[in-house]
Amino acid sequence: MKKRVFAAVLSCCMLLTVCSGCGKKTIRRNEGTLNESVTSMLDKAAENTVSSPAAETVDRTAEFQAVMDAVSVDSRYASCKRYVMVNDYDGDGKQEAFGFFGEASPMNGYPRWERLHIYYISSEGAVTVLCDPEQEFSEDDMLCGTPANQDALDPTDFSASYLTSGNQTFALFEVGYPYSEYFTMAWTVYGGEPVCSYAEAGLRPAAEGWYVADGYDEQLVYRVREGELVEVGTGASDALAAQNGMTGLRSPEQAWEKNKSGILQELADLYGLNTAGALEYFIPADYDGDGKQEAFGILAGDQTDWGFSDWARIYYISSDGFIFCVQSRRADGTQLYGYLPGSEGYAADPQSCLLTAGNQKFLRWELSAGGSGSVTSILGVKDGAPYHPQISEMYQDVRQQGGKYYGTTSDFSRDFHDYIDHELVFDPAQGEFSEK
């Protein structure tokens, strides 16, 4: 995800911690103080709430509101009205809530709260402080914002502020700082704990299971993965934006054929790329082994005398025809270039660029400028969305030989360019390769 202003809010949500091993965001509990009568009421309500679909029909808003109103805060906020957004965020049949308050400061007739405080209230009534800017920032840096898509100054209906994907629901806030652009803070519950994702402002559905928001110069595409909204690519072109919401009406091949000419035109018009003689590859497969065929489409500049393209774009086409650009740059931010490798150097047959591991397939693109060194960019598909395995751009000439996998690194320790082969092993549970 592009950090931009998102990183600054992490210190505001000071109870948000990151697991160094997996990058997963979790929340440390900091339970608020509740009076005895409210606690008793919540205990009784929790006893009557079971993990079943029927439990979702019970409206517990009044109970959660009582909990929120009972949380002890600084006297400065005594007159601030408090709100709760109640939902079954993790689809377990039990309702939870995200509560918020701040100093009301409408802007141009629309709601806005300064010095925004956000809390999580579990189904059992435990309160977790998620965002308390009071303890972190100066007066000029206090978080401000509003639930997304909200135009009521004193809201009671938050239905437009939710985003639901499968059994996962997110409470969306549009937040920022007094002199910054706004961005989306999306709160949900996963594994019994509150989890936060960040996206550009204006996050909205594009098609079933796909979400978009407008960045500085391109549209960003998001997908829910393990309880988080994850940025998976971009959809900058009008050709792609026009087909958002049209999924399910065509196959990956039909979608690619319909859109590639418009994409090429915009690559020339918007990015100034020389698309004359551009190479095109369409590589369909069941990449994630779910019985559905997805595809990667590649557009690249005409090959130079050294046998590589000086620009390239890799697009993902879902099984129901949703297209977006999944890679236009290297991991270091420079423009993507190189060639499509095959079993013997350059790929005469695009299918020969694929690795097969377990029930998955992986696309390879060799980032080479014709010199003696290169790195292999690798793309797979997990839960219907593209991803880069951890070894992507770590080795050159990643390949499959005799049922084993190898990647090569360069070594200059002996005053010449040596090549060291490393055997790689595949973990099908994680969809990842690692060095043996």
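Residues numbered from 1 in each chain as written. Predicted model: local features only at pLDDT ≥ 70, side-chain atom pairs only at ≥ 80, totals over all residues. Heavy atoms only, no water.

A few words on the nonpolar core. Within the largest apolar cluster, 30 residues are counted, with the highest numbers of intra-cluster contacts made by Trp210, Ile283, Phe296, Ile314, Leu363 and Trp365. Elements that contribute at least two residues to this core include exactly strand E12 (204-207), strand E13 (210-214), strand E16 (279-285), strand E17 (294-300), strand E18 (312-317), strand E19 (323-327), strand E23 (360-367) and strand E24 (375-382). Residue contacts for Ile314: discarding those within four places in its chain leaves Phe296, Gly297, Ile298, Phe324, Cys325, Val326, Gln327, Leu336, Leu363, Trp365 and Leu379. (Core = buried A, V, L, I, M, F, W, Y, C linked by side-chain atoms within 4.5 Å. Buried < 20%, exposed > 50% of the residue type's maximum accessible area, 1.4 Å probe, protein only. Helix = DSSP H or I, 4+ residues; strand = E, 2+ residues; numbered from the N terminus. Contact = heavy atoms within 4.5 Å.)

Our focus in this paragraph is the environment of Pro155. Inspection of the secondary structure puts Pro155 in the loop between strand E7 (144-147) and strand E8 (162-165). Residue classification places Pro155 among the buried residues on the basis of a relative accessible area of 3%. Taking the C-alpha atoms as reference, Pro155 lies 8.8 Å from Pro111; in sequence the two are 44 residues apart. Discounting residues that sit within four places of it in the chain, Pro155 has contacts with Tyr83, Trp113 and Gln150.

For the rest of this paragraph, the subject is unusual backbone geometry. Although it is not a glycine, Arg115 sits at a positive phi angle of roughly 50 degrees. Mapped onto the secondary structure, Arg115 falls in strand E5 (residues 113-121). We classify Arg115 as buried; its relative accessible area is 4%. With phi around 55 degrees, Asp383 is a residue other than glycine that occupies positive phi space. Topologically, Asp383 is positioned in the loop between E24 and strand E25 (385-387).

Turning our eyes to something else, we now look at the pairing of E17. Taking burial as the measure, the seven residues of E17 include seven buried ones, the bulk of the element. Alternating residues of E17 divide into Glu294, Phe296, Ile298 and Ala300 and Ala295, Gly297 and Leu299, and every residue in both groups is buried. Where E16 meets E17, seven bridges bridge the pair, whose relative direction is antiparallel. Bridged to Tyr281 within E17 is Ile298. Pairing geometry for E17 and E18, over six bridges, is antiparallel. Note on E18: the bridge partner recorded for Gly297 is Tyr315. (Pairing = 2+ DSSP bridges.)

This brings us to the pattern of salt bridges. Within this structure, the stated rule accounts for 14 salt bridges. The closest approach of N and O atoms between Arg76 and Glu103, which form a salt bridge, is 2.6 Å. With Arg76 in the loop between helix H3 (61-70) and strand E3 (83-87) and Glu103 in strand E4 (residues 96-104), this residue pair connects regions lying 27 residues apart in the sequence. A relative accessible area of 37% means that Arg76 is categorised as partly exposed. Two residues, Asp418 and Arg414, come together in a salt bridge whose shortest N-O distance is 2.6 Å. For Arg414, a relative accessible area of 53% corresponds to the exposed category. Taken together, the salt bridges that share partners define one network made up of Glu257, Lys260 and Glu280. (Salt bridge = Lys/Arg side-chain N within 4 Å of Asp/Glu carboxyl O.)

Using the criterion set out here, one finds 27 aromatic pairs in the structure. Both rings, one in Phe100 and one in Trp113, keep their centres 5.4 Å apart while their planes meet at 80 degrees; by these two values the pair is edge-to-face. Of this pair, Phe100 sits in strand E4 while Trp113 sits in strand E5, and the two are 13 residues apart along the sequence. Taking relative accessible area as the criterion, Phe100 reaches 0% and is therefore assigned buried. (Phe/Tyr/Trp six-rings, centres within 6.5 Å; stacked < 30°, edge-to-face > 60°.)

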